[in-house]
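As a plain string of letters, each chain reads:
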Amino acid sequence: MNPSIVLAAFCLGMALAAPMCDYSLDARWNQWKVKHRKSYGTNEEGWRRAVWEKNMKVIEQHNREYREGKHGFTMAMNAFGDMTNEEFNQKMNGFQRQKHRKGKAFQAPPLSDFPPSMDWRKKGFVTPVKFQGPCGSCWAFSATGALEGQMVWKTGQLVALSEQNLVDCSGPQGNLGCDGGWMESAFQYVLENGGLDAEEFYPYMAADEDCKYKPEYSAANDTGFIDIPEGENSLLSAVATVGPISVAIDASQDSFQFYGEGIYYEPNCSKEKTNHAVLVVGYGHEGVKPDENKYWLVKNSWSTYWGLNGYIKMARDRNNNCGIASYASYPTV
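Residues numbered from 1 in each chain as written. Predicted model: local features only at pLDDT ≥ 70, side-chain atom pairs only at ≥ 80, totals over all residues. Heavy atoms only, no water.

Examining the packing of helix α5 (residues 138–155) against helix α7 (residues 183–193)
Defined as follows: For every element, the axis is a line fit to its C-alpha atoms; helices are fit only across the contacting stretch, and the angle between N-to-C directions ranges from 0 to 180 degrees. Runs of E in the DSSP output that reach at least two residues are strands. Runs of H or I that reach at least four are helices, and both are numbered from the N terminus. Geometric relationships in this document are graded by angle, where less than 35 degrees denotes roughly parallel, more than 145 denotes roughly antiparallel, 65 to 115 denotes roughly perpendicular, and other angles denote oblique. For any helix crossing, the convention is left-handed if the near helix is rotated counterclockwise from the far helix by under a right angle, and right-handed if that rotation is clockwise. Residues are treated as being in contact if the distance between any of their heavy atoms lies within 4.5 Å. Ten residues, namely Ala, Val, Leu, Ile, Met, Phe, Trp, Tyr, Cys and Pro, are considered nonpolar, four, namely Asp, Glu, Lys and Arg, are considered charged, and the remaining ones, Gly among them, are considered polar.
Relative orientation of the contacting elements α5 and α7 amounts to 60 degrees, with a least axis distance of 8 Å. On the basis of the axis angle, α5 is oblique to α7. Crossing geometry of α5 relative to α7 is assigned as right-handed. Seen from α5, the contacting residues are W139, S142, A143, A146 and L147; seen from α7, they are M183, A186, F187 and V190. Partitioned by chemical class, the residues of the contact of α5 with α7 number 8 nonpolar, 1 polar and no charged.

Printed below as a string of C-alpha cells:
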C-alpha cells in the first residue's frame with residue numbers, strides 16, 4: 001500500500017489525540033524517518049509526527065528571521081526532530097553539578113598574548129565526534145575528551161577513551177551513569193581507580209551496566225584536576241595553553257536542540273542553570289578583525305548529524321552566554 005495513504009489514514013485516526021497532519025509534509029516526513037532509521041508502533045507515530053511538524057515550524061520560522069538578520073545562526077532538522085524539548089532535555093542533557101568544586105585553582109600563564117584563533121583538532125588532540133545515544137552521559141564524553149587531549153601531551157598518542165567505563169564505574173565518586181554526572185567526579189574516579197580503559201576494549205553501550213574495568217586495558221590516568229575560575233578570560237587562557245577543556249552549558253533551548261550553523265547566541269539561556277557537558281577544543285572569529293564575531297569551538301556528543309558535523313560555534317565574550325565559562329575544568333596527568 002502507498003505509504004502516504006497509510007499515513008493519511010493514520011493521521012485521521014489520531015485526530016482526537018494529536019493535531020491534524022500537514023499532508024504536504026508527507027514526503028519530508030518519510031525521508032526523515034528513513035534517514036534516521038525511525039520506526040514506530042501503531043499508537044506512537046501520530047503524535048511523533050505532530051511533534052516533528054511542530055519542531056519543523058519552529059525551525060522554519062527561526063530561519064526566516066535569520067534571513068532577515070535577526071539571528072547569527074541557523075537551525076536545522078536532525079535526528080531529534082520527533083522529541084519535545086522537555087523530553088530532549090531529560091534524555092540528552094545529563095550534567096549534574098555538585099555543590100563544591102574540589103580541584104586545584106587554575107593559574108593563568110603570565111603572558112596574555114594568545115593567538116587570535118586555536119583549533120586543537122588540527123594539532124591531533126581531539127578524537128572524532130561520538131554519540132551518547134539516549135543516555136544522559138554527556139559528562140562522560142566531556143571528561144574523556146579532556147583526558148584524551150592531556151594524554152597526548154604525556155604520550156604523544158591520541159587514544160579514544162571509554163565513556164562506558166565512567167558510566168558503569170564512577171558511582172562511588174558521585175556520578176549517576178545515564179542519569180547524569182560531573183566531569184570532576186569522573187577525573188576523581190580515574191585518579192582513585194588508577195586508570196581508565198581504552199574505548200576499543202570497553203565499548204560504549206548507551207546504558208547503565210556493571211563495572212567491567214580491566215587494568216590491562218587502561219590507556220590513561222590522571223593525578224587530579226584543575227578548576228578554572230568563572231570567566232571567559234580564564235577559559236581563553238586555558239584553551240590557548242592547556243588543550244581541550246571540559247565545560248558545562250545551558251543547552252535547554254530548542255534553538256540548541258536544532259542548531260545548524262553560524263555563531264550560536266541565545267539570550268534566553270542561563271549562565272547558572274547549566275545542564276549539558278561539552279568540550280571546548282578551540283576558539284576563533286568570523287570577522288575581518290580578531291575582535292569581531294568571536295566564538296568558542298565546541299565538540300558535542302550528539303553524533304555528526306547534529307550541528308557542524310557534531311560541533312557548534314558558541315558566542316564568545318558575550319557575557320558568558322549559556323554559562324560556557326562558569327564550570328570549566330581539566331585533568332592533570
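Comments concerning the layout of surface pockets
So the rule is basically this: Here a cavity denotes a set of grid points, spaced 1 Å apart and computed over the protein atoms alone, in which a 1.4 Å probe fits but from which it cannot get out, and a pocket denotes an open set meeting protein on both sides within 12 Å along at least five of seven lines; residues with an atom within 4 Å of a point are reported as lining. Grid points are joined across faces, edges and corners, and a volume is the space filled by probe spheres set on the points.
Each pocket or cavity is described by its volume, and for the largest pocket that value is around 470 Å³. H36, K38, A79, F80 and F131 are the residues nearest the centre of the largest pocket, which is lined by 21 residues in total. Counted by class, the lining of the largest pocket contains 9 nonpolar, 4 polar and 8 charged residues. In this structure, the second largest pocket spans a volume of roughly 190 Å³. Around the second largest pocket, the lining comprises 13 residues; the ones closest to its centre are D119, R121, K122, Y295 and L297. Among the secondary structure elements, those contributing two or more residues to the lining of the second largest pocket are β3 (118–119), β9 (276–285), β10 (294–299) and β11 (311–315). A per-class count over the lining of the second largest pocket returns 6 nonpolar, 2 polar and 5 charged.

Describing the nonpolar core
Test applied: Here, nonpolar core refers to any group of buried Ala, Val, Leu, Ile, Met, Phe, Trp, Tyr and Cys residues whose side-chain atoms link them within 4.5 Å. Partly exposed describes any residue whose relative accessible area lies between the buried limit of under 20% and the exposed limit of over 50%, with all areas from a 1.4 Å probe on protein chains only and scaled to the type maximum.
By size, the foremost hydrophobic cluster in this structure holds 79 residues, and its most contacted members are I245 and I324. Tallying contributions element by element places α5 first for this core, with 8 residues. When neighbours within four sequence positions are excluded, I324 is seen to be in contact with L235, V247, A248, I249, V280, W296, V298 and M314. Core analysis: the next-biggest nonpolar cluster, separate from the first, contains 6 residues, L25, W29, Y40 and W52 among them.

A few points about empty space enclosed by the protein
Within this structure, the stated rule accounts for 1 cavity of 30 Å³ or more. In this structure, the largest cavity spans a volume of roughly 100 Å³. Looking at the largest cavity, it is lined by 15 residues, and the ones nearest its centre are F141, S142, K299, N300 and S301. For the lining of the largest cavity, the secondary-structure elements that each account for two or more residues are α5 and β9.

Structural notes on the UniProt feature "domain: Cathepsin propeptide inhibitor" (unreviewed entry) in the chain
What counts is decided by this rule: UniProt positions are given in the numbering used here, feature names are shortened, and annotations may be inferred rather than shown by experiment.
Per the UniProt record, "domain: Cathepsin propeptide inhibitor" (unreviewed entry) is found at residues 29–88. End C-alpha atoms of residues 29–88 are separated by 19 Å, and the span's content is 57% helix alongside 5% strand.

Observations regarding the packing of aromatic side chains
Convention followed: Classification of ring pairs rests on two measures: the distance between centres of Phe, Tyr or Trp rings, Trp counted by its six-membered ring, which must be within 6.5 Å, and the angle between planes, read as stacked under 30 degrees, edge-to-face over 60 and tilted in between. Remark: a charge is flagged as sitting over a ring if the NZ atom of Lys or the CZ atom of Arg is within 6 Å of the ring centre and within 35 degrees of the ring normal.
Taken as a whole and assessed by the stated rule, the structure comprises 25 aromatic pairs. Taken together, a centroid distance of 6.3 Å and an interplanar angle of 50 degrees make the contact between W32 and W52 tilted. Of this pair, W32 sits in helix α2 (residues 26–35) while W52 sits in helix α3 (residues 45–67); the two residues are 20 residues apart in sequence, bridging distant segments of the chain. The buried category is assigned to W32, whose relative accessible area is 5%. An aromatic cluster of at least three residues, connected via ring pairs, comprises F73, F80, F88, F256, Y259, Y264, W302 and W306. Between the NZ or CZ atom of K313 and the centre of the ring of Y295, over which it lies, the distance is 4.7 Å.

Focus on unusual backbone geometry
Despite not being glycine, A206 has its phi angle at roughly 60 degrees, a positive value. You can see A206 is positioned in the loop between β4 (196–197) and β5 (218–220). Residue classification places A206 among the partly exposed residues on the basis of a relative accessible area of 22%. The backbone of N320 sits at a positive phi, close to 55 degrees, despite the residue not being glycine. Of note, N320 is situated in the loop between β11 and β12 (328–332). Residue class for N320 comes out buried when judged on its relative accessible area of 7%.

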